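Residue-level structural notes
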Amino acid sequence: MVKYVRASIGSLAMLGIIPARLEVAPTALYLMLCGPGRCAANCAFCAQARTSSARSDALSRVIWPKVKLEEVLRAAPKARGLKRVCLQTLIYPGYLREACEVVSSAKRCLKLPVSVAVHPLEPRDLEELKEAGADSVGIGLDAASEEVFEEVKGRKAGGPFSWKSALRTVEKAVEVFGPGNVTCHLVYGLGDSDEEFLRTVLALVSMGARVSLFAFTPIKGTRMERRRPPSLRKYRAVQLATYLAQRGELSGSDLTFVNGELSKISAPRSAVERAIFSCRPFVVQGCDGCNRPFYNEPPRGPYYNYPSLDFARRDLENIRKQLRSFLV
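Now for a description of the structure that goes with this document.

Moving on, we get to helix H6 (residues 163-177). For H6, which comprises 15 residues, the first-to-last C-alpha distance of 21 Å matches the rise-based estimate of 21 Å (1.5 Å per residue) to within 8%. Those residues of H6 lying buried are Trp163, Ser165, Ala166, Thr169, Val170, Ala173, Val174, Val176 and Phe177. Looking at the packing, one finds that the buried side of H6 touches helix H4 (123-132), strand S8 (136-142), helix H5 (146-152), strand S9 (182-188) and helix H7 (194-206). Of the residues trailing H6, Gly178 is marked for its positive phi of about 95°.

Here is the structure:
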């Protein structure tokens, strides 16, 4: 029986388990499996990677203290504004069984939708998660091309995955959970060209998956700690293009690339203006009810993924300036 999990420090503060001031309260309860050591995968950007020397309680720039699962589930019903449970998995012997236990317990105690963030899995594993009560899955594709995938998390990185197995997982997950209930995590800034990145976004959307964008965040102790975060200006353009693609308002012919780099977005002007004015492309995109506050950036900014529409609307003029050269 699973006794301990890790929970994001924001989740624990929201539940009143630890004292902390929250600039923005999470709208999902973010949990992570608590294995016997680091993850068996070896993703070059991840604090939990097998060869990482980063803090063992970190994921991206967020700290995840160890806590009793029972304590979290007892406190959660009293929390206001909680819309979802999100469980992050690690790979170690027995992790799938433990993930199913946590999902089942959360579903029984909280009566909320439960998402599970997974690495590429076998079809039967996906079916087990659904049978346990998972409503949706997030798949850590992360890279957007085979070459970069193999370098940062596949066989060349010492990981257990391949690009082809990852895409097969997406296809099978859409079959198991249904279109709209599978989110693919893509990290902009790992080394893919803009053209590779956005072609993959379009392909995933055509498969029935949603896309959740992350900006690469260098974490001390990982193999990519010296790599710089991506250009904020270019990330805004990728956010806009991804949002329009998911709404069916952009196709590959609406994108112009020069040497693989995005230079122009030519989607219908009314759709572009409506999207920018709404600010929705620039807030956290994930499963319904997920706001993932400050996962990519410190609370003082600069913001890659805004944690709320209010945050983004305060910065609308800057967003317009960042996008201007892509819309000429």
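There's plenty left to go through after this.
Among the 7 residues that make up S9, 7 are buried, leaving the element largely enclosed by the rest of the structure. By the alternation rule, side chains of S9 split into Val182, Cys184, Leu186 and Tyr188 and Thr183, His185 and Val187, which are all buried. One ladder, built from 4 bridges, connects S8 with S9; its direction is parallel. Bridged to Val137 within S9 is Val182. Taken together, the 6 bridges between S9 and strand S10 (residues 210-215) define a ladder with parallel strand orientation. Across the sheet, His185 pairs through a bridge with Ser212, a residue of S10. Of the crossover connections in this fold, the one passing from S9 over H7 to the parallel S10 is right-handed.

Let us look at the nonpolar core. Ranked by size, the top nonpolar core spans 123 residues in total, and within it Leu29, Leu31, Leu129, Leu190, Leu240 and Ile265 carry the most contacts. At 9 residues, the largest contribution of residues to this core is made by helix H8 (residues 232-246). For Leu31, the contacting residues outside a window of four places in its chain are Val5, Arg6, Ala7, Trp64, Leu69, Val72, Val85, Cys86, Leu87, Gln88 and Val102.

The interhelical angle for the contact between H4 and H6, taken along N-to-C directions, is 35°, at an axis separation of 10 Å. Handedness of the crossing formed by H4 with H6: right-handed. Listed contacts from H6 to Pro123, Leu126, Glu127, Leu129 and Lys130 of H4 are Thr169, Lys172, Ala173, Val176 and Phe177.

Moving on: empty space enclosed by the protein. Counted according to the given criterion, the structure contains 1 cavity of 30 Å³ or more. Its volume calculated, the largest cavity comes out at about 40 Å³. Lining the largest cavity are Val211, Leu213, Gln239, Thr242, Tyr243, Gln246, Pro281 and Gln285. Looking at the lining of the largest cavity, the elements that each hand over two or more residues are S10 and H8. Of all the elements, H8 adds the most residues to the lining of the largest cavity, at 4 residues. Its residues placed into classes, the lining of the largest cavity shows 4 nonpolar, 4 polar and no charged.

The rules behind each value
Residues numbered from 1 in each chain as written. Predicted model: local features only at pLDDT ≥ 70, side-chain atom pairs only at ≥ 80, totals over all residues. Heavy atoms only, no water. Helix = DSSP H or I, 4+ residues; strand = E, 2+ residues; numbered from the N terminus. Expected span 1.5 Å × (residues − 1). Buried < 20%, exposed > 50% of the residue type's maximum accessible area, 1.4 Å probe, protein only. Contact = heavy atoms within 4.5 Å. Pairing = 2+ DSSP bridges. Right-handed = clockwise from strand over helix to strand, strands pointing away. Core = buried A, V, L, I, M, F, W, Y, C linked by side-chain atoms within 4.5 Å. Axes fitted to C-alpha atoms, helices over the stretch in contact; angles between N-to-C directions. Left-handed = near helix turned anticlockwise from the far one by under 90°. 1 Å grid on protein atoms, 1.4 Å probe; cavity = no way out; pocket = protein on both sides within 12 Å on 5 of 7 lines; lining within 4 Å. Points joined across faces, edges and corners; volume = space filled by probe spheres on them. Nonpolar A, V, L, I, M, F, W, Y, C, P; charged D, E, K, R; others polar.

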